[in-house]
Amino acid sequence: MRDAAATLRSTTHAGSRSVGERVRALRVAAGLTQTELAGDRFSKEYVSQIERGKTRPTADTIAWLADRLGVDEQFLRHGVSADARSRVETRLAQAEALSEAHRDEEAVEAFRTAREEIRALGSAELELRALAGEGWALQELGAAHDAIAVLQQARELTELPEFSDIDRADVLFRLGCCRYRISSIPSAIGLLDEALDLAERSGLPCDVLRARILAWRSRCRRRQADYEAAREDAERALELALAVDDPRVVAGAYFQASWVAEKTGHWVLARQYAMQAREIYSELNDARNTGRLMLNLGGLQLLLGHPEQAIEHLTTSFALAVEAGSQPDAAQALGSLAAVHEHLGEHDAADEHARKALALLDGREDFLDEIGQSNLVLGRSLLERGRLDEAEECFRAADAAFEQMASIAHRTGAWVALGDLAERRGDAREAARLYRNAAEALRVVRF
């Protein structure tokens, strides 16, 4: 009867069938009636119910039917032989390891190679795993729109009855992260809300997923300047992460808690959270995220009145970003160094670092905040050296980036800078108008 399985594989994607459909196809290919397949163990009616999907066979029944039909149990259960499934799962594990190590370009290629093999097997379960992984790696590369297209395929796949609400929640979470990357914040929050609701209603253990959803929703709340909601999400994420004792999730939760504490003026607490996150990432040998924490700590040192220590932290952050091959992270370190130098009145150094940051972030719509801030710093350095027209170009570029983010809170910074420029030009009326616009806008922003 081994030929029956070969016939099934050659005529259709066996993994796309249900267990009952595979039983029927294999029985027909083997030339057996339902009565003959049932033998002395089951009734003809029971086999008929299995084939029509009216009843789900137990593990023992699947094993018995597989033996009767001459196929291995994994093939009957999933439509994929144990050996074939093992090979593909190994490929997927390798791709996931590349993604976790932030080797995202290699990860995308590995997931795509795995998907080609999965198509031949027809396994919806493995296809979903590959699509989810590829989508995540793409958004890490800054290709958020490509990631959304891939994850939409995954979302459609999860509508199959064999997938759980946890599977659906995970895909919605990833889509929400992509929407955040392209500054579609209301859409991102809607997707994350839906993902969290599915996860919590599932009744299945999924605290790691819930913690990740809450941490990313905290990011969205920060972008909206809703810092109280951001704090609540960050605290819930940290509580869940500590309970499941997953080091990477715990570090991510500490990281988000640090950002929220900084935004609400609790700088010492923010530094404490950041140092805890950095320690965990260092133990994980995660140079990229360690560098990101050094970036955060550098900013906090400046706020705490220690610019020299800030420069040390930011220089280390830049070196780690270069070591990790992360151009956006290197750009953020340079942009923050530019801000410190401008704070110290070192306008030439600020100019140099800001320009380098902007060059590295050219075309990256997922880093609009950083592009806007570097333009503001560059504009300030030009303003202080009397290069007013160039300063105006930078301030307007910053405003355009913040407008694309749909963030009034960010835009007020550009308006104040343009007001300072108007005042320098002797246009008090225009300066007053811009300051007034900024003040009125801040009244409606939630803090």
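Computed from a prediction, not measured in an experiment: that's the story for all the values here.

**Remarks on the overall build of the chain**
Next up, step 1: A tally of regular secondary structure across the chain gives 24 helices and 0 strands.
Next up, step 2: Summarising its shape, the C-alpha atoms of the chain cover approximately 100 × 40 × 40 Å along the three principal directions.
Next up, step 3: Surface exposure of the chain reaches about 20,800 Å², of which carbon and sulfur atoms provide 47%.
Next up, step 4: For the chain, the distance from the average site of its 57 positive side-chain charges to the average site of its 74 negative ones is 4 Å.

**Considering the side chain of Glu342**
Next up, step 1: Along the chain, Glu342 falls in helix α19 (residues 327–343).
Next up, step 2: With near-sequence residues (within four places) excluded, Glu342 lies in contact with His347, Ala350, Val377, Arg380, Ser381 and Glu384.

**Re the confidence of the model for the chain**
Next up, step 1: Counting all residues, the mean pLDDT for the chain is 92, and 94% of those residues have values of 70 or more.
Next up, step 2: The weakest mean pLDDT in the chain belongs to helix α1 (residues 2–11) at 46; the strongest belongs to helix α20 (residues 347–360) at 98.
Next up, step 3: Contacts from residues 1–16, a stretch scored under 50 in pLDDT, to residues over four places away or in other chains number 37 contacts.

**Section: the pattern of salt bridges**
Next up, step 1: For the structure on display, the rule yields 39 salt bridges.
Next up, step 2: For Asp389, the salt bridge is made with Arg425, and the minimal N-O distance between the two is 2.8 Å. Of the two residues, Asp389 is situated in helix α22 (residues 388–404) and Arg425 in the loop between α23 (408–424) and α24 (428–443); the sequence distance between them amounts to 36 residues.
Next up, step 3: One network of salt bridges, in which partners are shared, links Asp104, Glu140, Arg181, Arg288, Arg292 and Asp329.

**Overview of the side chain of Glu127**
Next up, step 1: Tracing the chain through its elements places Glu127 in helix α9 (residues 124–140).
Next up, step 2: Given the relative accessible area of 14%, Glu127 is considered buried.
Next up, step 3: When residues no more than four places from it in sequence are discounted, the contact partners of Glu127 are Arg115, Ile118 and Leu157.

**Structural notes on the state of the cysteines**
Next up, step 1: Scanning all chains against the criterion turns up 0 disulfides.
Next up, step 2: With no disulfide of its own, Cys178 lies closest to Cys177 among cysteine sulfurs, the gap being 6.9 Å.
Next up, step 3: The exposure class of Cys178 is buried, given its relative accessible area of 0%.

Thresholds, definitions, all that
- Residues numbered from 1 in each chain as written.
- Predicted model: local features only at pLDDT ≥ 70, side-chain atom pairs only at ≥ 80, totals over all residues.
- Heavy atoms only, no water.
- Helix = DSSP H or I, 4+ residues; strand = E, 2+ residues; numbered from the N terminus.
- Areas by Shrake-Rupley, 256 points an atom, 1.4 Å probe, with all protein chains shown as cover.
- Lys, Arg positive; Asp, Glu negative; His and termini not counted.
- Charge placed at Lys NZ, Arg CZ, Asp CG, Glu CD.
- Contact = heavy atoms within 4.5 Å.
- pLDDT = per-residue confidence, 0-100.
- Salt bridge = Lys/Arg side-chain N within 4 Å of Asp/Glu carboxyl O.
- Buried < 20%, exposed > 50% of the residue type's maximum accessible area, 1.4 Å probe, protein only.
- Disulfide = S-S within 2.5 Å.

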